[in-house]
Amino acid sequence: MSTEFHVDLNDFNVWDRESLPSELVATASDGRLQIGTCRGNADRKRTLAILMQERYGEWPVGTFSNRIFTSAEELCSSCKPYFSKWSRNSPIEFFDTKLRFCWYIPMELQESPKETKSSEDYQRAMFDFWNSILEDTTPIHHSSTYPIDTWKDLGEAIFGDNRYMEPSIFIQGTIKLL
């Protein structure tokens, strides 16, 4: 399950549209700028139980471990209830919420990685990128039932006191094809 969050270029007045970075506008598809995608996280305890049951012979070896990208050892490395892993070779991420948010920032606008003190600093930089472009009242479009209508609502869903999404360490991006 994934939900794309985007803004419509028609929601900007002419002056605001002209001030948008041209590299960002070039990535618009059908007049929409993608902000990010929300995806579901896996249940750490349930996945760990399945892997342990397979390990101790309740199911033939490979029944589940061939389809699950993570190991029991990785899952034991955190007590957070949810996790995500993109592939067997990618790092595992742990979350307190069932949902994770992957920022979308065009490659041309991504700054060279600077040393960050924490993942919170990194996530705040991703938020600040979009916050420099969007107003609190900018309409946010998506195809889910999440109570998100504006940029401020999306920020609250990710960073607010009652957050129900957490940002991923991975960001999405694209390059303009010439």
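Refer to the preceding data block for the structure.
Owing to the predicted nature of the structure, the values given are computational and were not obtained by experimental measurement.

K.L.:
Where do I start with the side chain of serine 78 in this structure?
P.N.:
Along the chain, serine 78 turns up in the loop between α4 (72-76) and β4 (82-84). Those residues in contact with serine 78, other than ones at most four positions away along the chain, are Arg44 and Phe94.

K.L.:
Quick question: what am I supposed to make of the pattern of salt bridges here?
P.N.:
For side chains bearing opposite charge, pairing can occur when the charged atoms are close. Tallying each qualifying case throughout the model produces four salt bridges. One salt bridge in this structure joins glutamate 73 and arginine 55, with 2.8 Å as the shortest N-O distance. Here the residue glutamate 73 occupies a position in helix α4, and arginine 55 occupies one in helix α3 (residues 44-55), the gap between them amounting to 18 residues. Residue classification places arginine 55 among the partly exposed positions, given a relative accessible area of 45%. Measuring nitrogen to oxygen at the nearest pair gives 3.6 Å for the salt bridge that ties arginine 163 to glutamate 166. The exposure class of glutamate 166 is buried, given its relative accessible area of 6%.

Conventions used here
Throughout, residues of each chain are indexed from 1 in the direction in which the sequence is written. In view of the model being predicted, local features appear only for residues whose pLDDT reaches at least 70, and side-chain atom pairs are presented and counted only at 80 or more, with totals across whole chains, interfaces and linings using the full set of residues. Each side-chain value is derived from all of the structure's non-hydrogen atoms; neither hydrogens nor water enter the calculation. Secondary structure elements are taken from DSSP: a helix is a run of H or I of four residues or more, a strand is a run of E of two residues or more, and numbering for both begins at the N terminus. Any two residues whose heavy atoms approach within 4.5 Å are treated as being in contact. For this document, the term salt bridge refers to a Lys or Arg side-chain nitrogen within 4 Å of an Asp or Glu carboxyl oxygen. The buried label applies to any residue whose accessible area, calculated with a 1.4 Å probe on protein chains only, is under 20% of its type's maximum; exposed applies above 50%, and partly exposed to all values in between.

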